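Below are the chains, spelled out letter by letter.
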Amino acid sequence: MTTAESWLVGLNAILGGATILLAIMTRKLELAWKKCSAEQVGAWTENATRQIGVQTWLTLEARFDSGDMRRARRALAEILLKKWPCYRYVVEDVCNFFETVGTAYKYNVVEKDLAESSFSYYLNYWWRAVKPYVVQERMRNKDDASLYEDFEKLADTWKSRNPELNDDTLKAFLQDEVHLTTEPPSVIVQSHGFHNAP
């Protein structure tokens, strides 16, 4: 073998080794990129989920404090305090609202800590107040347990938040609801000379 051929064999061996080293480094880079991408996608997904949950909570908060919902809560409280013999006059807006909260909670499309903080008190009291109506409606609809199912499940999940809930505290709660104004809290605060933060 001549010197030139020896050099050629040696350079081919070096080139082959460099190619293998480059392949190994490329594979490591690919794995690192995939890991980084997966972490980034996970972080984006988590952030988007939280943003959706907070936006849902804000929407539910606005709906709960709206004049229409405050009127519905007041009307339903009046009906329940009068203990009318039949529930045909029940204002279902309140039940439907809490069913929506329960469904959003079940499917993780509302920020759970914010929802619990904002709605658990009201949801538990309203569930206790309307449960006889819900039972009656389920029987009227061939024992359809799906009627207000998510409202009921969430009340069961959050029941420990209101250990004082009994007939007396329920009556006091309904009396408070009867005295709701139809103006949302932000309008009431503004009318008294206070201003909301921008």
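The coordinates are above.
Residues numbered from 1 in each chain as written. Predicted model: local features only at pLDDT ≥ 70, side-chain atom pairs only at ≥ 80, totals over all residues. Heavy atoms only, no water.

1. Details of a nonpolar patch on the surface
Convention followed: Patches here are clusters of residues that have more than 30% relative accessible area and form no salt bridge, with a 9 Å joining cutoff for like charges and a 5 Å cutoff for nonpolar side chains (Val, Leu, Ile, Met, Phe, Trp, Tyr). Where accessible areas are quoted, they stem from the Shrake-Rupley method and a 1.4 Å probe; at the residue level, only the protein chains shown are allowed to cover. When a carboxyl oxygen of Asp or Glu is within 4 Å of a side-chain nitrogen of Lys or Arg, the pair counts as a salt bridge. Working definition: helices are DSSP H or I runs of at least four residues, strands are E runs of at least two. Numbering for both runs from the N terminus. Residue burial is assigned from relative accessible area. The probe radius is 1.4 Å, only protein chains are included, and a residue is buried under 20% of its type maximum, exposed over 50%, and partly exposed in between.
Residues Trp7, Leu11 and Ile14 make up a contiguous nonpolar surface patch of roughly 380 Å² in combined accessible area. In this structure, Ile14 sits in helix H1 (residues 3–64). Owing to a relative accessible area of 59%, Ile14 belongs among the exposed residues under this scheme.

2. A closer look at unusual backbone geometry
Negative phi characterises most residues that are not glycine, and trans characterises most peptide bonds. Of note in this structure, Lys142 is not a glycine but carries a positive phi near 55°. As for its placement among the helices and strands, Lys142 is situated in the loop between helix H4 (112–140) and helix H5 (149–158). Overall, the relative accessible area of 79% leaves Lys142 in the exposed class. Positive phi values are uncommon outside glycine, yet Tyr148 reaches one of about 55°. As for its placement among the helices and strands, Tyr148 is situated in the loop between H4 and H5.

3. Focus: helix H3 (residues 92–106)
To be explicit about the condition: The span you would expect from a helix comes to 1.5 Å times its residue count less one.
Helix length check: H3, at 15 residues, gives a terminal C-alpha distance of 21 Å against a target of 21 Å (1.5 Å per residue), a fit within 8%. Taken together, the buried positions of H3 are occupied by Val94, Cys95, Phe97, Phe98, Glu99, Val101, Gly102, Ala104 and Tyr105. Residue Asn108 follows H3 closely and has a positive phi angle near 60°.

4. Points about the side chain of Asn124
Put simply, the rule reads: We call two N or O atoms a polar contact when they sit within 3.5 Å, provided that within protein one can donate a hydrogen and the other can accept it, with sequence-adjacent residues counted only if both atoms are side-chain atoms. For this analysis, residues touch if any pair of their heavy atoms sits within 4.5 Å.
With respect to the secondary-structure elements, Asn124 resides in helix H4. Polar side-chain contacts of Asn124 include one of 2.9 Å to the backbone oxygen of Trp158. Among residues more than four places away in sequence, those in contact with Asn124 are Ala155, Trp158, Lys159, Arg161, Asn162 and Leu165.

5. Brief notes about the environment of Val109
Assignment of secondary structure puts Val109 in the loop between H3 and H4. Among the residues examined, Val109 registers a relative accessible area of 36% and is labelled partly exposed. When near neighbours in sequence (up to four residues on either side) are disregarded, Val109 contacts Ile52, Gly53, Thr56 and Ala104.

6. Remarks on the nonpolar core
The criterion, for reference: Here, nonpolar core means buried Ala, Val, Leu, Ile, Met, Phe, Trp, Tyr and Cys residues that are tied together by side-chain atoms lying within 4.5 Å of each other.
Counting residues in hydrophobic clusters, the biggest one holds 38 residues, and the most contacted among them are Phe98, Phe119, Trp126, Val130 and Phe151. Looking at this core, the elements that each hand over two or more residues are H1, helix H2 (67–82), H3, H4, H5 and helix H6 (167–178). Sorting elements by how many residues they give to this core places H4 first, with 10 residues. Filtering out sequence-adjacent residues up to four positions away, Phe98 remains in contact with Phe64, Phe119, Tyr122, Leu123, Trp126 and Phe151.

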